[in-house]
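Chain by chain, the residues:
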Amino acid sequence: MMRNDSTLSTFVSTYGESLSLHDWPLSAGWPTRGVVLLVHGLGEHVGRYMHVADQLNQWGFSVRGYDQHGHGESMGVRGDLPDDDQLLTDLASVIDDTRTRMDDRLPLILLGHSMGGLVAARLVSLKLRRVDALVLASPALDVGMSMVQKALVSSLYRMAPRMRLGNGLNARYLSHDHAVVDAYRDDPLVHDRISARLAHFIATAGPAVLRRAPRWRVPTLLLYAGQDRLVNPAGSEAFAKAAPARTVSAQSFPMHYHELFNELESEVVFEALRDWLTARFQPIVLGHAPKPVTRVVI
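Residue numbers run consecutively from 1 along every chain, following the written order of its sequence. Where local features are concerned, this predicted model is filtered to residues with pLDDT of at least 70; where side-chain atom pairs are given and counted, the filter is 80 or more; whole-chain, interface and lining totals use all residues. Computation of side-chain values: all heavy atoms of the structure, hydrogens and water removed.

### Notes on the overall build of the protein chain
Then comes step 1: Within the protein chain, the regular secondary structure consists of 8 helices and 10 strands.
Then comes step 2: In terms of C-alpha radius of gyration, the protein chain reaches 18 Å, essentially the compact-globule figure of 19 Å for 298 residues.
Then comes step 3: Contacts are residue-level and defined by heavy atoms, with any inter-residue pair within 4.5 Å sufficient. When contacts within the protein chain are restricted to residue pairs at least 6 apart in sequence, those whose partners lie at least 24 apart make up 79%.
Then comes step 4: Only carbon and sulfur atoms are counted for the fraction: they give 54% of the accessible area of the protein chain, which is about 12800 Å².
Then comes step 5: Where the 31 positive side-chain charges of the protein chain centre and where its 31 negative ones centre are 8 Å apart. What counts as a helix is a DSSP run of H or I of at least four residues, what counts as a strand is a run of E of at least two, and both are numbered from the N terminus. All radius of gyration figures rest on C-alpha atoms, and the globule criterion is 2.2 Å times the number of residues raised to 0.38. Here the open area of atoms and residues is found with the Shrake-Rupley method and a 1.4 Å probe, where only the protein chains shown may cover a residue. We count Lys and Arg on the positive side and Asp and Glu on the negative side, and we leave His and both chain ends out. All charge positions are set by atom: Lys at NZ, Arg at CZ, Asp at CG, Glu at CD.

Take a look at the structure:
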């Protein structure tokens, strides 16, 4: 078997809170191309990416993912954000821990979806940690807020930053696959809450990433949905237009909804991901088992 069984563990973040970690390692002795770290979107959890991890394993990548603060099985009030930079700090801490456990010869690739793509892109734009490549799937670079909505978010952020409201996400537009939509609605680890501070982070981080796009240096694959109704695809289009073509490869899927990896025609998305990753990262035979996962306090 190329793949080992997945493992679930806990990680104590810089803030002293437990984050739920999932690892999908490769079997010892199999050629390895790198380590992919998954960053999930708003209201969901990394357990929804098991099929993505399985594909990455088949292509020779070890995979790790975690539930962000206030999501899934990690600590925190659902949809809350106690500190403006917490999602970035948590990702930086998980990257640090991941690097202590992986072979130094292997590249580390971030793969972020929706809000997770925004968090990953913002970390890269600020150069908070070194990563070797970045994959953005339907990143929340533009959430389509009107000027009135932006003013409301800004006002709530100042007056009641931890006030939580419904996130307004319509599950119907996640995917054309009704089974995916039904599973999302029935998932006990999915929630629909968002605090004023988290909304403010999303509203401000996207434009901040776009401003840095012309100076982008990390090899990046941008995948976005033309029929996305949950984030505005114009944000991805603007990023692709502004970023150096030698650094950022962009591909649009005109008829897809938001969750590209969960669409009825997801094969073309996985093909684009596979071709980009395998063209850049060649397999290495490491000759030993992956480092064990244990509880770590940062």
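### Observations concerning unusual backbone geometry
Then comes step 1: Phi at S114 is positive, roughly 55°, even though this residue is not glycine.
Then comes step 2: Turning to its location among the elements, S114 is positioned in the loop between β5 (108-113) and α3 (115-125).

### So, the sheet that holds strand β6 (residues 133-137)
In sheet architecture, strand pairing relies on hydrogen bonds along the backbone and comes in two forms, parallel and antiparallel.
Then comes step 1: Strands are treated as partners if at least two bridges between them are detected by DSSP. One open sheet accounts for 8 strands, arranged β1-β2-β4-β3-β5-β6-β9-β10; its pairing is mixed. Both edges of this open sheet fall to β1 (7-12) and β10 (248-253), since each of them pairs with a single strand only. Strand after strand, the sheet turns through a mean of 20° between neighbouring axes, direction not considered.
Then comes step 2: With 5 bridges joining them, β5 and β6 adopt parallel strand pairing. Residue pairing for β6: L111 is matched across the bridge by V135.
Then comes step 3: With axes taken as lines fitted to C-alpha atoms, and helix axes fitted only over the stretch in contact, angles between N-to-C directions fall between 0 and 180 degrees. Each of β2 (18-24), β3 (34-39), β4 (61-66) and β5 touches helix α1 (residues 50-58); the most contacted strand, β4, lies at about 160° to it.
Then comes step 4: Contacting β9 (220-225) and β10, helix α7 (residues 233-242) runs over the sheet at an angle of about 150° to β9.

### What about the packing of helix α4 (residues 147-159) against helix α6 (residues 196-212)?
Each packed pair of helices is defined by two parameters, the angle between the axes and the distance between the axes.
Then comes step 1: For the pair α4 and α6, the least separation of the axes is 8 Å and the interaxial angle reads 130°. Taken together, α4 and α6 sit at an angle that is classed as oblique. Helix-helix and strand crossings are classified by hand; for α4 and α6 the assignment is left-handed. Two secondary-structure elements touch here, α4 through V153, S154, L156 and Y157 and α6 through A196, R197, A199 and H200.
Then comes step 2: Taken together, the residues of the contact of α4 with α6 break down into 5 nonpolar, 2 polar and 1 charged. Any angle that is under 35 degrees is reported as roughly parallel, and any over 145 degrees as roughly antiparallel; angles of 65 to 115 degrees are reported as roughly perpendicular and all others as oblique. Crossing handedness is defined as follows: a turn of the near helix away from the far one that is anticlockwise and smaller than a right angle gives a left-handed crossing, while the clockwise case is right-handed. Residues are grouped as follows: Ala, Val, Leu, Ile, Met, Phe, Trp, Tyr, Cys and Pro are nonpolar; Asp, Glu, Lys and Arg are charged; all remaining types, including Gly, are polar.

### A closer look at the pattern of salt bridges
Then comes step 1: Every case where a carboxyl oxygen of Asp or Glu lies within 4 Å of a side-chain nitrogen of Lys or Arg is listed as a salt bridge. The full count for this structure, using the stated rule, is 13 salt bridges.
Then comes step 2: For D132, the salt bridge goes to R99, with nearest N and O atoms at 3.4 Å. In this pair, D132 is assigned in the loop between α3 and β6 and R99 in helix α2 (residues 86-101), connecting sequence segments 33 residues apart.
Then comes step 3: Here D275 and R274 are joined by a salt bridge, their closest N and O atoms 3.1 Å apart.
Then comes step 4: What emerges from the salt-bridge pattern is a single network uniting D23, R64, D97 and R101.

### A look at α2
Then comes step 1: Compared with an ideal rise of 1.5 Å per residue, which puts 16 residues at 22 Å, α2 spans 23 Å between its outermost C-alpha atoms and is within 8% of the ideal.
Then comes step 2: Buried residues dominate α2, accounting for 13 of its 16 residues. Every helix has an expected span of 1.5 Å times one less than the residues it contains. Throughout this description, buried means an accessible area under 20% of the type-specific maximum (1.4 Å probe, protein chains only), exposed means over 50%, and partly exposed covers the range between.

### Observations concerning the pairing of β2
Then comes step 1: Extensive coverage of β2 is indicated by the burial of 7 of its 7 residues.
Then comes step 2: Bridging between β1 and β2 involves 6 bridges; their strand directions are antiparallel. By the bridge assignment, V12 is partnered in β2 with S18.
Then comes step 3: Linking two consecutive strands that pair antiparallel, namely β1 and β2, is a turn of 5 residues; a positive phi of about 80° is found at G16 within it.
Then comes step 4: Pairing of β2 with β4, which is carried by 4 bridges, proceeds in the antiparallel orientation. Bridge pairing links L21 to Y66 in β4.

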